[in-house]
Amino acid sequence: MTSPRRRLAIAVATLAIAALSTTACGAIGNKVDCAQVSGEVQKISQEFSGSIASAATDPKALETASQDASSKLKSLASKYDGDLASALNDLGDVFGSIKVGADPATLSSLTGKIQSATTKIQSACG
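Enquirer: Any details on the overall build of the protein? Residues and values, ideally.
Expert: Tallying secondary structure elements over the protein gives five helices and zero strands in all. Put simply, the protein runs from its N terminus to its C terminus through helices and strands in the order α-α-α-α-α. When burial is assessed residue by residue, the protein has 38% of its 126 residues classed as buried. Relative to all contacts within the protein whose residues are 6 or more apart in sequence, the contacts with residues 24 or more apart total 68%. Surface accessibility of the protein: about 6300 Å² in total, with carbon and sulfur atoms responsible for 54%.

As structure tokens, then:
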């Protein structure tokens, strides 16, 4: 049986996947960069999803997957500037802060931070 904190961390991670998967940049005909960013963010979210499959039996798998996603998002951010880079870095910071054993309030606050970062990405691309 998994601990309540681990279940909450997995729930936050699942929400992150859903938020990342629905991030779309702008409407048809908008900047090509935004279409590329959307594709990259979705790829990172899919890799994250696959990586946390073992989180129920290996608590460190969640942290490893989170750190990897954070690193990839920050690397992606380095290719851009302005609001888009800031939003991608914010999302990378959220992933970097996901830790097994964190208190439930901290993990719950990540939900709002994920939504805020994805909204910033959408606004930057809009």
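Enquirer: So, the packing of aromatic side chains: which residues are in play, and what are the values?
Expert: Considering all chains together, one arrives at one aromatic pair under this definition. Centroid distance F48 to F95: 4.9 Å. Interplanar angle 80°. Geometry classified as edge-to-face. Note that F48 is positioned in helix α2 (residues 32–51) and F95 in helix α4 (residues 82–96), a separation of 47 residues in sequence. The two residues F48 and F95 agree in class, both being buried.

Enquirer: Which residues make up the pattern of salt bridges, and what values do they have?
Expert: Two side chains that carry opposite charge are able to pair once their charged atoms sit near each other. Here the structure, examined in full by the defined rule, presents five salt bridges. Close ionic contact of K72 with D68 constitutes a salt bridge, the shortest N to O distance being 3.2 Å. With K72 and D68 both in helix α3 (residues 59–77) and four residues apart, this pair spans about one turn of that helix. Given a relative accessible area of 30%, K72 falls into the partly exposed group. Here K74 makes a salt bridge to D93, at a shortest N to O gap of 2.3 Å. Residue K74 is found in helix α3, and its partner D93 is found in helix α4; the two are separated by 19 residues along the sequence.

Enquirer: How would you sum up the nonpolar core? Please name residues and give values.
Expert: Counting residues in each nonpolar core, the largest one holds 28 residues, and the members touching the most others are V37, F48, L73, Y80, L84, L88 and F95. Where this core is concerned, the elements lending two or more residues are α2, α3, α4 and α5 (104–125). The biggest single contributor to this core is α4, with seven residues.

Enquirer: Residues and numbers for the environment of G92, please.
Expert: Tracing the backbone through its elements, the reader meets G92 in helix α4. For the pair G92 and A69, spaced 23 residues apart in sequence, the C-alpha to C-alpha distance is 7.0 Å. Dropping the residues within four chain positions of it, G92 is found in contact with S70, L73 and K74.

Calculation notes
- Residues numbered from 1 in each chain as written.
- Predicted model: local features only at pLDDT ≥ 70, side-chain atom pairs only at ≥ 80, totals over all residues.
- Heavy atoms only, no water.
- Helix = DSSP H or I, 4+ residues; strand = E, 2+ residues; numbered from the N terminus.
- Buried < 20%, exposed > 50% of the residue type's maximum accessible area, 1.4 Å probe, protein only.
- Contact = heavy atoms within 4.5 Å.
- Areas by Shrake-Rupley, 256 points an atom, 1.4 Å probe, with all protein chains shown as cover.
- Phe/Tyr/Trp six-rings, centres within 6.5 Å; stacked < 30°, edge-to-face > 60°.
- Salt bridge = Lys/Arg side-chain N within 4 Å of Asp/Glu carboxyl O.
- Core = buried A, V, L, I, M, F, W, Y, C linked by side-chain atoms within 4.5 Å.

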